[in-house]
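Listed below are the residues making up each chain.
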Amino acid sequence: MTEQKPPPKLTELPAAYAAGPAPGLPPWFLKAVAWTGALGVLTANLSVLLPHIASLRTALQESFGLIAFESFSSAAGVLTVLGIGAGYFCGCALFYFLWVRRHLKFKLPFLIGSGVLAPFVFFFSLSLRPASDLGPMQTERLGELLAMVDQNYVRAGADHGGYWFATDNASMGPQGWTTAQVVAGVLQAPSSVEARPQTVERVRRSLAYIESIRQPTGWGYQDGAKTTVTEIIGWVATAEALALHSDPHQPVWTPAEEGAAKDRLFTDLRELAGRQHSDGGWGPLSPTSAREHQRTYSTVVSLMAFLAARDSDIVRGDARWTYDADIRRGARWLMLNATEGQEGAKGWWPNPYVRRTDGDCLGLTSQVMYVLAHVDRSVGLRPYDAAFAELRTGYLGRLREGDGQFASIQKRPLDMNCQLQDSESYLFGQPDFTLERSTFLWYPWTMAAVSELSRSTKLSKDERNKLAVLDDILTRRLPEMTRKDLENTVLYPTAETLFGLGVHMRTDAVLNP
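Below is a summary of the structure that appears in this document.

**Side note on the overall build of the chain**
Phase 1: Within the chain one finds 18 helices and six strands.
Phase 2: Every one of the 513 residues in the chain was classed for burial, and the buried ones make up 50%.
Phase 3: Counted over contacts in the chain with a minimum sequence separation of 6, partners at least 24 positions apart contribute 71%.
Phase 4: On the chain, roughly 24,400 Å² of surface is accessible, and the fraction owed to carbon and sulfur atoms is 59%.

**Structural notes on the environment of Asp415**
Phase 1: Along the chain, Asp415 turns up in the loop between helix H14 (385-401) and strand E5 (418-419).
Phase 2: Between the alpha carbons of Asp415 and Lys484 there is a distance of 9.0 Å; along the sequence they are 69 residues apart.

**Considerations on the state of the cysteines**
Phase 1: Here the structure, examined in full by the defined rule, presents one disulfide.
Phase 2: The disulfide partner of Cys361 is Cys418, and the S-S distance across this bridge is 1.8 Å. Here Cys361, found in the loop between strand E4 (346-347) and helix H13 (362-378), pairs with Cys418, found in strand E5; they are 57 residues apart in sequence, far enough to count as distant. The two residues Cys361 and Cys418 agree in class, both being buried.
Phase 3: Among the cysteines around Cys90, which has no disulfide bond, Cys92 carries the closest sulfur, lying 9.4 Å off.
Phase 4: Exposure remark for Cys90: the relative accessible area of 7% places this residue in the buried category.
Phase 5: Overall, the relative accessible area of 19% leaves Cys92 in the buried class.

**Details of unusual backbone geometry**
Phase 1: Put simply, Arg382 and Pro383 share a cis peptide bond, and its omega is 5°.
Phase 2: With respect to the helices and strands, the residue Pro383 is situated in the loop between H13 and H14.

**Here's the deal with the packing of aromatic side chains**
Phase 1: Scanning the model with the defined rule gives 13 aromatic pairs in all.
Phase 2: Measuring from ring centre to ring centre gives 6.0 Å for Trp282 and Phe306, while their planes differ by 35°; the resulting arrangement is tilted. In this pair, Trp282 is assigned in the loop between helix H9 (255-275) and helix H10 (296-310) and Phe306 in helix H10, connecting sequence segments 24 residues apart. Just as Trp282 is buried, Phe306 falls in that class too.
Phase 3: With a relative accessible area of 0%, Phe306 lands in the buried category.
Phase 4: Positioned above the aromatic ring of Trp253 is the side chain of Arg264, whose terminal nitrogen or guanidinium carbon lies 5.4 Å from the ring centre.

The rules behind each value
Residues numbered from 1 in each chain as written. Predicted model: local features only at pLDDT ≥ 70, side-chain atom pairs only at ≥ 80, totals over all residues. Heavy atoms only, no water. Helix = DSSP H or I, 4+ residues; strand = E, 2+ residues; numbered from the N terminus. Buried < 20%, exposed > 50% of the residue type's maximum accessible area, 1.4 Å probe, protein only. Contact = heavy atoms within 4.5 Å. Areas by Shrake-Rupley, 256 points an atom, 1.4 Å probe, with all protein chains shown as cover. Disulfide = S-S within 2.5 Å. Phe/Tyr/Trp six-rings, centres within 6.5 Å; stacked < 30°, edge-to-face > 60°. Lys NZ or Arg CZ within 6 Å of the ring centre and 35° of its normal.

Structure below.
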């Protein structure tokens, strides 16, 4: 009778695996494996740690720009994965050479275990990659801009305060127009629990100062000027409206004060509504019979004020709110007065009745697109949806690719802004009035426009992709813009950057809660 052999134990290996031990390995080889693994782990740790050191992050961003820093962060992410992978592989190899080879019955379980564990190590290393620095960077830059305007705050009496027009003429005291712009920018920017009390106190004092220099029909270019200007009234009303928005930390006004604050706002909204021309636009002065007195900037700032007011629940719910039709007429006027450039794309100039043939006015065009997108979200643009979609498509294409004299925003110098020309500063039949030679800044309003457009529910897939790319480009250029603002002695560019960044950050909070 043939004796049956017992079945092999599970711990026994097939013949191919049960071969004799491999010849001894030279010591240098084992040392090389050990050093490779150790260097891999060290590299991974440094790659995780370095991008999160605030001083190093700031130095790299300021020295080489955010794009270079993001490239560094991406490379650090790759090195993290490779370093942990190298450490894991070399650790397994050392364990195998130094112990498993001498205990062959553990060879198969070791190979299976290390193979099963490898994907988990890989995904763990991916989780350690440095996150995008765009979010923290925006918060840091916002803090720098707010600190800059705080340095230019000045008290004006026991209960008043405001902001200088420029740091080199601080002896002149605060200026109403600049103060309104700064307050609007500060209130548009997200607040923090720690900074909110000081913000509220300065906003209240600033609005009190503005109220103290009010003329019967508003405010002029200079404090106390008898000739009041539409865009100054618009900026004041925008600040007043934003002060009535709800805030998660601390409102500007107490419930007992809200009534008086709303009364002041509705006084200014009535003044603005009374200045609207019959065909929908606004000019810098009270309406005349001359349609040529209407201006793009006057119309845009007036609409900004109405839209900021409408976004406040307690204003929109007031029985005195009757301005939706005025908003629609103003938006229609803007769309009808878009000017076709040399390359065929449409945009806006300060005076829609004087066509320029040189360059572009991206700052004003972006401000118009921000307002039109806001109108579309608030009250709708019907029956002009198709016209706005055409304007939007052309605008996004030019921002991304550029054409002719229009530089794409990735390459466009931040100081490539258009300015009101001398020939556009006069109103026919108004010899005693001259428009301020404003400069229309492209960066803050393009950031605001791209952010507001991103909230639309009517975008195509291609438009959403373009907006995502444009948003990324603009955000990466924020440190560059901040440096210019901090070096500028004039305060209104900082105020407008605060406004655009505030729109961007609030939109991001809505789209990515």
